[in-house]
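A structural walkthrough
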Amino acid sequence: MADYNYKEIEKKWQKKWADDKVFAVKEDGKKEKFYCLEMLPYPSGALHMGHVRNYSIGDVLSRYQMMNGKNVLHPMGWDAFGLPAENAAIKNKIHPAKWTKQNISVMRQQLKTLGISYDWDREIASCDPEYYKWNQWFFIKMYEKGLAFRKKAVVNWCPVCQTVLANEQVSEGVCWRCKSPTEHKELEQWFVKITDYSDELLEGHKELTGHWPQQVLSMQQNWIGKSYGAEVDFKIFAGNKAGSLKVFTTRPDTLFGVTFMAVAPEHKIVSEMKNEIKNWDEVSKYAAQSAAKTNIERSQSKEKTGVELKGITAENPVNGSRIPIFIADYVLTGYGTGAIMAVPAHDQRDWEFAKKFNIPIIEVIKGENSSIEKSAYEGEGVLVNSGQFNNIKSDKAINTVIDWIDKQGFGKKTINFKFRDWLISRQRYWGTPIPMIHCSKCGIVPVPIKDLPVKLPEDVEFTGQGESPLKTCESFINVKCPKCSSPARRETDTMDTFVDSSWYFIRYCDPHNDKEAFDISKVDYWMPADQYIGGIEHACMHLIYARFWYKFLRDLGMVKSDEPFTNLLTQGMVTLGGSAMSKSRGNVVSPDEIIDKYGVDTVRLFILFAAPPQKQLEWSIEGVEGCWRFVNRVWRLQDIINVKSSVSAAQKDKDELLRAMHKTIKKVGVDIEKKLQFNTAISAIMELVNFLYAYKFHSNDGGVSKEVYKNTVILMAPFTPHLCEEIWRNFFNGKDYISRSKWSVFDENMIKEESVEIPVQVNGKVRGTITIDMDSDEDLVKDTALKNEKIQKALDGKKIIKFIYVKNKIATLVVK
RNA sequence: GGGCGGAUGGCGGAACUGGCAGACGCACAGGACUUAAAAUCCUGAGAUUCGCAAGAGUCGUGAGGGUUCAAUUCCCUCUCCGCCCACCA
């Protein structure tokens, strides 16, 4: 028989699947639903192996569930807004919309050659006004609920290009285009008050435990960063003027060791105390220098820097001692209060700072063998030099000190989060326009719902110079105030693209609705998504934003569950030579080429077989070759199964083959559904195929081997759908598509073995094996073991101290 | 610096809840088929020692220690690698 002709066969079935809309679905209350969701791609121009992996994994699960009778929703779309389109516009003089649409059509074609079971009728692109209209609608709802608000925030600014830069457009402090040093600039921007949901986002993890990778839950927990501690007020004195400085600390037990304070250069006390600060020139110079640095530069500086605020001092409330105050850029504005109480003996950063500025270091926690000579001691211990708290253990002291602070009235117990509000403003063109209007009389006014969507104007220029193209587009900016009709200006910021990806999976449930974002009853049928699949790099941002958005929709009464994704699978990277495939490394393998050479079934099989989905996958062309051989091995069984044998099969031979088949059916089901471990499912199928090759009675066994082959094809269908469809329809005369046919069932009785071979250990070493009846009792096993010649030899007349038997597994003799 | 993962033959990987480490595949070697090669089919194989062989022994899951009759799996210490976040008080 000729090789599996993938070129013809794969194309043929892809066309039939599309023509017959095999994967189109509708809500059906009589059927159990399964929503399989893969992270939608950014239309960068070409599919890469990471995409192929992501979508192959999803396809296995979707097809498996279809064959198990579920009503499967499996959609695909495009995360179509974003910076690269705008960069392309500047570089190649092509409109972002045109560039994006071209890329989508190329990648859509590539996706179709993968043979994934998508319902293409549900395709969406986030740059379509029909989609982003609802981003605007949700934004207005958030605004009405006080969840969208304006606040000053820092952006990277290139003084030469006169433009705002994204973090990725700044490397080593210079603009990516003109290489001039960038600056920081404060702008009034839009935020979403995601921190209102901090606690709930943490609580929700309880529901996800066991269904999401622990890794992702831990990362989100640390990202949200809830910590318990105390807020403490320090009095400050500057000449006749007095004030106070609030700090947050997780270690109130070290309060007696505070020997100085430090504030972030941006802290408001610096400007408030301007007249009292005696070395103002020096201080303001330092503040300006810090402002010019990026956060990364600030964090990478090896040496701690700072300037003392001369003329003001603080008082340590626990002992009344006067301590100096510094501004220092190792203190962050965003966390806590932007000011710290420094305990050099027990915080390494404070220790380094104190050494440099000759500030006293007072030990207040004494651990076993602890020392503060060479570095800070950050561990636990008992309190010393701490007045009435001496000799209390530090972990206990935290609460004791907080209670005392509270009673004395200079502080209180607090909870602090690392988590920040979501800055959604972007000073860009290619994004969803924020639907707000600035009126000189009425202030900020939302665009009336009936006027949505606020469409992006098409006729703008992309120069890369100056501000966002929207700012210079007169027809866009100039509007009448919806309230008072006087001339007003449109908001020119667009939304972060994470907004688009925060609810697209809900839109898939009702993708063409032009009356509302989605029909609640349809969404109620499909959501939450049963399985979400994507890269680990989205563990924190996207997966937190999407969870937040879902909770917000729930509060609007639009969705009925609390969490959008029941199960999560984070796939590993595809690497070559140990590192991720990337253009800059020049180690990219194009899916198109490989598919052309081996067919898509082979490529899918390799990607699913070479590593478990969660782990890194090393690309190997030899591995692909191996899968190609296996595909053909399965293909050739069509001939082999009909070969006449000279001997006829005994019942024992047939039973043995059938037992192997039932075992395989069971294992493949468990591996796909419960373990999401496709590599072992595939190797089990390989073993069954090897068995069929070793079996000698093919056409002389009353159809048993044919039955086994048929089930093999069914088990393989989720992995290599084209190959299996062809064999199913042609060789087995399947009436319907294989994806609509029934998954194999196994018979537990067929799997049971009557006897089992178990190893016998003597003092931990295997010295022989015995064959016993399944579930034999312990005494019998012991007798059998002791009668064994090899075991007797190993025992060598020694005394048996102990006999341990693990049922049907192993027997151990401990002797002396 | 912090957080989260990981380390098993020449390579990718397997191993239920602590129970025969190395399934399956790749690469390799040998054989069959062939005029020959490719393809295909079959067989072999962790390392090491003894043995002509059948076989027998020892070592072996990053390193070192511990618990256990038994550890890739549990505990402690350390090394290296990857990913994410960057001085989080």
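Residues numbered from 1 in each chain as written. Chains lettered and ligands numbered in written order. Predicted model: local features only at pLDDT ≥ 70, side-chain atom pairs only at ≥ 80, totals over all residues. Heavy atoms only, no water.

What follows is about the sheet that holds strand 19 (residues 422-423). What holds strands together in a sheet is hydrogen bonding between their backbones, with the strands either parallel or antiparallel. As summarised here, the arrangement of the four strands in space is 6-5-9-19, forming an open sheet in which the pairing is antiparallel. Here the strands that pair on one side only, and so sit at the sheet edges, are strand 6 (163-165) and strand 19. Judged from the two bridges that link them, strand 9 (residues 183-192) and strand 19 form a sheet pairing that is antiparallel. By the bridge assignment, Phe 191 is partnered in strand 19 with Leu 423. (Pairing = 2+ DSSP bridges. Helix = DSSP H or I, 4+ residues; strand = E, 2+ residues; numbered from the N terminus.)

Attention now goes to the packing of helix 20 (residues 621-640) against helix 22 (residues 678-694). Contact pair helix 20 / helix 22: the axes reach a minimum separation of 11 Å and the direction vectors enclose 35°. In the packing of helix 20 onto helix 22, the handedness of the crossing is left-handed. Residue-level contacts link Phe 630, Arg 633, Val 634, Arg 636, Leu 637 and Ile 640 of helix 20 to Ile 685, Met 686, Val 689, Asn 690, Leu 692 and Tyr 693 of helix 22. Its residues assigned to classes, the contact of helix 20 with helix 22 comprises nine nonpolar, one polar and two charged. (Axes fitted to C-alpha atoms, helices over the stretch in contact; angles between N-to-C directions. Left-handed = near helix turned anticlockwise from the far one by under 90°. Contact = heavy atoms within 4.5 Å. Nonpolar A, V, L, I, M, F, W, Y, C, P; charged D, E, K, R; others polar.)

Now for unusual backbone geometry. Of note, the amide linkage connecting Leu 452 to Pro 453 takes the cis form, showing an omega dihedral of 0°. As for its position among the elements, Pro 453 is in the loop between strand 22 (443-446) and helix 14 (474-477). For the peptide bond that leads from Met 527 to Pro 528, omega is -5°, which places it in the cis range. With phi around 65°, Ser 485 is a residue other than glycine that occupies positive phi space. On the secondary structure map, Ser 485 appears in the loop between strand 23 (478-480) and strand 24 (487-490). Overall, Ser 485 belongs to the partly exposed group, its relative accessible area being 46%. The residue Asn 808 is not glycine, and still its phi comes out positive at about 60°. (Buried < 20%, exposed > 50% of the residue type's maximum accessible area, 1.4 Å probe, protein only.)

Moving on: the layout of surface pockets. Here the second largest pocket is characterised by a volume of approximately 730 Å³. Lining the second largest pocket are 28 residues, and of these Gln 14, Gln 109, Lys 112, Thr 113 and Gly 115 lie nearest its centre. Here the lining of the second largest pocket takes eight residues from helix 1 (residues 6-19), the largest share from any one element. Grouping the constituent residues of the lining of the second largest pocket by class yields 12 nonpolar, six polar and 10 charged. (1 Å grid on protein atoms, 1.4 Å probe; cavity = no way out; pocket = protein on both sides within 12 Å on 5 of 7 lines; lining within 4 Å. Points joined across faces, edges and corners; volume = space filled by probe spheres on them.)

For the structure shown, the criterion picks out 47 aromatic pairs. Geometrically, the ring pair formed by Tyr 525 and Trp 526 is edge-to-face, given 4.7 Å between the ring centres and 80° between the ring planes. There is no split in this pair, since Tyr 525 and Trp 526 are both buried. When the ring of Tyr 709 is compared with that of Phe 731, the centres are 5.8 Å apart and the planes differ by 65°; the resulting orientation is edge-to-face. Residue Tyr 709 is located in helix 23 (residues 704-716), and its partner Phe 731 is located in helix 24 (residues 721-731); the two are separated by 22 residues in the primary sequence. Under the relative-accessibility criterion, Tyr 709 is labelled buried at 0%. Aromatic rings pair up to connect Tyr 131, Trp 134, Trp 137, Phe 138, Tyr 197, Trp 422, Phe 498, Trp 503, Tyr 545, Phe 548, Trp 549 and Phe 552 into one cluster. The cationic tip of Lys 185 hangs over the ring face of Trp 157; the distance from NZ or CZ to the ring centre is 3.5 Å. Of note, Arg 322 hangs over the ring of Phe 237, and the distance from its end group to the ring centre comes to 3.9 Å. (Phe/Tyr/Trp six-rings, centres within 6.5 Å; stacked < 30°, edge-to-face > 60°. Lys NZ or Arg CZ within 6 Å of the ring centre and 35° of its normal.)

What follows covers the environment of Glu 789. With respect to the helices, strands and loops of the structure, Glu 789 is situated in helix 27 (residues 789-795). For Glu 789, a relative accessible area of 69% translates into the label exposed. Sequence separation between Glu 789 and Gly 768 is 21 residues, and the spatial gap between their C-alpha atoms is 8.6 Å.

The biggest cluster of nonpolar side chains holds 184 residues, and the ones touching the most others in it are Tyr 35, Phe 138, Tyr 504, Phe 505, Phe 518, Tyr 709 and Phe 719. Setting aside its immediate chain neighbours within four residues, Phe 719 contacts Val 60, Arg 604, Leu 605, Leu 608, Ile 672, Phe 678, Ala 681, Ile 682 and Ile 685. Listed in part, the 42 residues of the second largest apolar core include Ala 230, Ile 327, Val 343 and Ile 365. (Core = buried A, V, L, I, M, F, W, Y, C linked by side-chain atoms within 4.5 Å.)

Using the criterion set out here, one finds 43 salt bridges in the structure. Between Lys 15 and Asp 19 there is a salt bridge whose closest N-O contact spans 2.8 Å. Of this pair, Lys 15 and Asp 19 both sit in helix 1, separated by four residues, roughly a single helical turn. Classification of Lys 15 by relative accessible area gives exposed; the value is 54%. Residues Glu 563 and Lys 551 are paired through a salt bridge, measuring 2.9 Å at the closest nitrogen-oxygen approach. Taken as a pair, Glu 563 in the loop between helix 17 (541-555) and strand 27 (565-571) and Lys 551 in helix 17 lie far apart in primary sequence, 12 residues in all. Neither Glu 563 nor Lys 551 differs from the other in exposure class; each is buried. Each member of the salt-bridge network shares a partner with another, and the members are Glu 200, Arg 547, Lys 551, Arg 554, Asp 555, Asp 562 and Glu 563. (Salt bridge = Lys/Arg side-chain N within 4 Å of Asp/Glu carboxyl O.)

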